[in-house]
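# Structure assessment
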Amino acid sequence: MQRTAELRGETADQVLDRNLNELLQELRVAFTGVQLLFAFLLTLPFQARFDRLDDVGLTVYTVTLLSTALATLTLVAPVSFHRLVFRRRQKAALVAVADRLLLTGLALLLLAITSATLLVLDVALGRPPAVVGAVVVAAFGVVLWYVLPIRQRRHGPGTDAGEDDGDRP
C-alpha cells in the first residue's frame, strides 16, 4: 500500500479512504440486486401456484432463499464491522474484511441468481429448459464475475510481483 500511496501522491490513510469508498460503492450495487431478489422470494410462498411445487422445486426454492439470505447478511456485514471498529484506527482491517465479504457475497448472489432462474424457468417452461437456462446463467456469471477479472489481473498492468495497484490492502 505504501508504494501505491507514493505513486499516486497519497498518504496511506488516503489510500485506505479511497479503497473503502470504492468498496462501499460496489456494495451498494450488489446489495440492490440481492434486496430485490430477497423481496421476490419472500412473497413466493403466498402465491397460489407455490403449493404445486414438487420436491425438486421446493428444494430449489429453499436453496435460493437461503443463498439470498446469506448473501444479504454477508453484504451487510461490513456495515456492522465498521460500526464496531469505528474510531478505533482499524480502517485497514475494515477494508481487508469488507473486500473478502464482498467477494463471498457475490459468490452467494451468483448461486441465488442461478437457483432463482432455475426455479422460475422450471415453473414457466419445465425442468429440462430450466436446467439449461440455469447452467447458461451460472456459466455467464462465472465468466463475467470471475474469469474475466482474474484473467485481466494476471495479464494486465500491475502484474509485476512487486507492484501494488492499491486495490487490496
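Residues numbered from 1 in each chain as written. Predicted model: local features only at pLDDT ≥ 70, side-chain atom pairs only at ≥ 80, totals over all residues. Heavy atoms only, no water.

## As for the nonpolar core
In this structure, Leu-23, Val-34, Ala-71, Leu-75, Val-95 and Leu-102 are the most contacted members of the largest nonpolar core, which totals 14 residues. Residue assignment for this core shows that the elements contributing at least two residues are α2 (12–43), α3 (55–85) and α4 (91–125). The contacts of Val-34, once residues within four sequence positions are left out, are Thr-68, Ala-71, Thr-72, Leu-75 and Leu-109. Counting residues in hydrophobic clusters, the runner-up holds 10 residues, among them Leu-41, Leu-44, Val-60 and Leu-119. (Core = buried A, V, L, I, M, F, W, Y, C linked by side-chain atoms within 4.5 Å. Buried < 20%, exposed > 50% of the residue type's maximum accessible area, 1.4 Å probe, protein only. Helix = DSSP H or I, 4+ residues; strand = E, 2+ residues; numbered from the N terminus. Contact = heavy atoms within 4.5 Å.)

## Considering the pattern of salt bridges
In this structure the tally under the stated criterion is four salt bridges. Residue Lys-91 is joined to Asp-17 by a salt bridge in which the shortest nitrogen-to-oxygen separation is 2.4 Å. Separated by 74 residues along the polypeptide, Lys-91 in helix α4 and Asp-17 in helix α2 bring together distant segments of the chain. The exposure class of Lys-91 is partly exposed, given its relative accessible area of 34%. (Salt bridge = Lys/Arg side-chain N within 4 Å of Asp/Glu carboxyl O.)

## Points about α4
The first and last C-alpha atoms of α4 sit 49 Å apart over 35 residues, in line with the 51 Å expected at 1.5 Å per residue. Downstream of α4 by one or two residues, Gly-126 has phi in the positive range, about 105°. (Expected span 1.5 Å × (residues − 1).)

## Examining the packing of α2 against α3
It is at 9 Å that the axes of α2 and α3 come closest, and there the two elements cross at 145°. Crossing hand, α2 versus α3: left-handed. Contact with α2, carried on its side by Leu-27, Ala-30, Phe-31, Val-34, Leu-37, Phe-38, Leu-41 and Leu-42, involves Tyr-61, Thr-64, Leu-65, Thr-68, Ala-69, Ala-71, Thr-72, Leu-75, Val-76 and Pro-78 of α3 and no other residues of that element. Taken together, the residues of the contact of α2 with α3 break down into 15 nonpolar, three polar and no charged. (Axes fitted to C-alpha atoms, helices over the stretch in contact; angles between N-to-C directions. Left-handed = near helix turned anticlockwise from the far one by under 90°. Nonpolar A, V, L, I, M, F, W, Y, C, P; charged D, E, K, R; others polar.)

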